[in-house]
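# Remarks on the overall topology
So the chains spell out like this:
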Amino acid sequence: MVDRSARVVVTGLGVLTPVGETLEDFWDAAVRGVVGTRPLDRPDAADFAGRLAGEVRGFVAPRGDGDRVTRLAVAAAVAATADAGLAPWAGDPARAGVCFGTLLGNRAALEPAVTRFHRGADTGAGGAGAPPAGPRPVVGLADAVAREHGFLGPSSVVATACASGNSALAYAAEAIRAGRADVMVAGGADELSTGIMMMFASLRSLTDDALRPFDRNRSGLVVSEGAAALVLESYEHARLRGARVYAELAGWASACDAHHMTAPHPEGRGARRSLERALAMSGVPLDRVGHISAHGTGTPSNDSVEAAAVRAVFGERGPAVSSLKGALGHTQGAASAIEAVACVLALRDGVIPPTANLVDPDPDCAVDVVYGAAREAPLDVVVNNAFGFGGNTACTVFTRPGSGGNTG
């Protein structure tokens, strides 16, 4: 039976990004506004209008099977469970599970095999003319994390476009509230690939300058890669084992624009519904929200629509807003998972990271955007926005432990 009063807490964090591959390195860079995007260093880069990208350059994949994105997911999950004090796992394996979000998963591993197949080359799976083989399906993201930890509980991969990280957190939290698990490792992972670059290039969404969220001169996004994982637990499970609690995941919600495959609804109806429903679930009054981690892609339509949705929910004097994508680029299905980690750390330290690359705020995005330098502020409640293609919107609400709302 679902216990709507059950508290879901965050006890572990793991992250790999273009600005840092450990938790504290990432956070230090984010707070300083370090930009991790740069010209893409790969042979096909010249084929794209925007050659900038964010790469996890120092990541050395651990030994074992799986493609790069799977190993990124496993590495983030291993870091998170270690941070939570859950490695090695000593509990009931059926009470621990995994949910990861992704946009395209292991497409980068599939593309070379498909190319060789169409050229009639030997794919290694039966010779010329045989189907390509090797890359695992995207469900392998959760499977690999579960096998690494010996978890036998709920296991799932969600793909709600660029909202996938928040969707994974919501699925995992629901599994805990429904009594299907005591512990869930949830997050998102994606890697760079020719296919993803081609997709955004064909949509004319890439910039050849810089990703500038909420800037008057914003001209598009920069594609990146990364991974993040959060350990979610029931409060009772965390309390009984004496775990450190970073934050409580007090509310979550999703909605659909039902408007267009790639463009947001002009009035941001899905974004607004997700915000309203997640806040309603949390029980937090609007005036207690101190910070919104924006989706903030640096594209003309997204940023103005998101700002309008925030104003519609909070009024003219809303919370401080910032977007990490100016620093990280758009890490696809990992984006809102990485941003969730940042939300938790903002609560921990009372600091809001700046929006990198923002120089000239757009008056049409009339929200309180933090830029130029980080802003110190006492924070009890932060909100994480994520919006994706297909009208997918998802929001999560994090609160300081014991600070009230439905989780108090």
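Nothing here was measured: the structure is a model prediction, and the numbers come from that model.

So, how was this worked out
Residues numbered from 1 in each chain as written. Predicted model: local features only at pLDDT ≥ 70, side-chain atom pairs only at ≥ 80, totals over all residues. Heavy atoms only, no water. Helix = DSSP H or I, 4+ residues; strand = E, 2+ residues; numbered from the N terminus. Buried < 20%, exposed > 50% of the residue type's maximum accessible area, 1.4 Å probe, protein only. Polar contact = N/O pair within 3.5 Å; in protein donor to acceptor, adjacent residues only side chain to side chain. 1 Å grid on protein atoms, 1.4 Å probe; cavity = no way out; pocket = protein on both sides within 12 Å on 5 of 7 lines; lining within 4 Å. Points joined across faces, edges and corners; volume = space filled by probe spheres on them. Nonpolar A, V, L, I, M, F, W, Y, C, P; charged D, E, K, R; others polar. Pairing = 2+ DSSP bridges. Axes fitted to C-alpha atoms, helices over the stretch in contact; angles between N-to-C directions. Parallel < 35°, antiparallel > 145°, perpendicular 65-115°, else oblique. Left-handed = near helix turned anticlockwise from the far one by under 90°. Contact = heavy atoms within 4.5 Å. Phe/Tyr/Trp six-rings, centres within 6.5 Å; stacked < 30°, edge-to-face > 60°. Lys NZ or Arg CZ within 6 Å of the ring centre and 35° of its normal. Core = buried A, V, L, I, M, F, W, Y, C linked by side-chain atoms within 4.5 Å.

## Points about the side chain of T393
Locating T393 in the fold gives a position in strand β16 (residues 392-399). Looking at T393, the relative accessible area reads 5%, which means it is buried. At 2.9 Å, the side chain of T393 forms a polar contact with the backbone oxygen of A255. At 2.6 Å, the side chain of T393 forms a polar contact with the side chain of S274.

## What about empty space enclosed by the protein?
Considering all chains together, one arrives at two cavities of 30 Å³ or more under this definition. Each pocket or cavity is described by its volume, and for the largest cavity that value is around 50 Å³. H291, S293, S322, S323, L324, E339, A342, C343, A346 and P353 together form the lining of the largest cavity. Residue assignment for the lining of the largest cavity shows that the elements contributing at least two residues are β10 (289-293) and α11 (335-349). When residues of the lining of the largest cavity are assigned to their parent elements, the largest contribution, four residues, is made by α11. Looking at the lining of the largest cavity, its residues break down into five nonpolar, four polar and one charged.

## A few points about the sheet that holds β16
Sheet architecture is open: eleven strands sit in the order β5-β4-β6-β8-β1-β9-β16-β15-β10-β11-β13, paired in mixed fashion. Edge positions in the open sheet fall to β5 (155-158) and β13 (368-369), since each of these has one partner strand only.

## A few points about the environment of V284
Position of V284 among the secondary structure elements: in the loop between α8 (269-282) and β10. On the basis of relative accessibility, which here comes to 6%, the residue V284 falls in the buried class. Between the C-alpha atoms of V284 and T399, which are 115 residues apart in sequence, the distance is 8.9 Å.

## Comments concerning the pairing of strand β1 (residues 8-16)
Of all nine residues in β1, nine are buried, a share of seventy percent or more. Note: β1 against strand β8 (residues 226-234), eight bridges, orientation antiparallel. Its bridge partner being in β8, L16 is matched across the sheet by A227. For β1 and strand β9 (residues 247-256), the ladder comprises two bridges, and the chain directions are antiparallel. By the bridge assignment for β9, V10 is matched with A247.

## Let's talk about the packing of α8 against helix α9 (residues 300-314)
At their nearest, the axes of α8 and α9 sit 9 Å apart, and the two run at 40 degrees to each other. Taken together, the axes of α8 and α9 lie oblique to each other. In this structure, α8 crosses over α9, and the sense of that crossing is right-handed. Taking contact as the criterion, the partners of A271, R272, L275, E276 and L279 in α8 are, on α9, A309, V310, A312, V313 and F314. Here the contact of α8 with α9 is built from residues that sort into eight nonpolar, no polar and two charged.

## Here we look at the packing of aromatic side chains
Evaluated as defined, the whole model comprises one aromatic pair. For the ring pair W89 and F151, a centre distance of 5.5 Å and an interplane angle of 80 degrees mean the geometry is edge-to-face. Here W89 is found in the loop between α2 (68-83) and β4 (96-101), whereas its partner F151 is found in the loop between α4 (140-149) and β5, with 62 residues between them in sequence. In this structure, W89 and F151 share a single accessibility class: buried. The lysine or arginine in question, R7, covers the ring of Y235, its NZ or CZ lying 3.9 Å from the ring centre.

## Brief notes about the pairing of β8
Where burial is concerned, most of β8 is hidden: nine out of the nine residues are buried. Burial along β8 is two-sided: G226, A228, L230, L232 and S234 and A227, A229, V231 and E233, pointing in opposite directions, are all buried. Sheet analysis places strand β6 (residues 183-190) next to β8, joined by eight bridges and oriented antiparallel. Of the residues in β8, the one forming a bridge with V185 is V231.

## Here we look at the nonpolar core
As a rule of thumb, nonpolar side chains are buried together in soluble globular proteins. One finds L13, F26, L230, L232 and F398 to be the most contacted residues of the largest nonpolar core, which totals 51 residues. For this core, the secondary-structure elements that each account for two or more residues are β1, α1 (23-32), α5 (164-177), β6, β8, β9, α11 and β12 (351-352). Tallying contributions element by element places α11 first for this core, with ten residues. With residues up to four places along the chain from it excluded, the contact list for F26 reads V15, T17, V19, G20, L324, L328, I338, V341 and A342. In terms of nonpolar packing, the next biggest core, distinct from the first, is built from 29 residues, A77, A80, A96 and A144 among them.

## Some remarks on the sheet that holds strand β3 (residues 52-54)
Strand order in this open sheet of three strands is β2-β3-β7, and the pairing throughout is mixed. Bordering the open sheet on either side are β2 (37-39) and β7 (223-224), each of which pairs with just one other strand. Across two bridges, β3 lies against β7 in parallel orientation. Across the sheet, the residue bridging to G54 is S224, located in β7.

## As for the packing of α1 against α11
Running from amino to carboxyl end, α1 crosses α11 at an angle of 80 degrees, the nearest separation of the two axes being 11 Å. Overall, the two elements α1 and α11 adopt an arrangement that is roughly perpendicular. Taking contact as the criterion, the partners of L23, E24, F26 and W27 in α1 are, on α11, I338, V341, A342, L345, A346, R348 and D349. Its residues assigned to classes, the contact of α1 with α11 comprises eight nonpolar, no polar and three charged.

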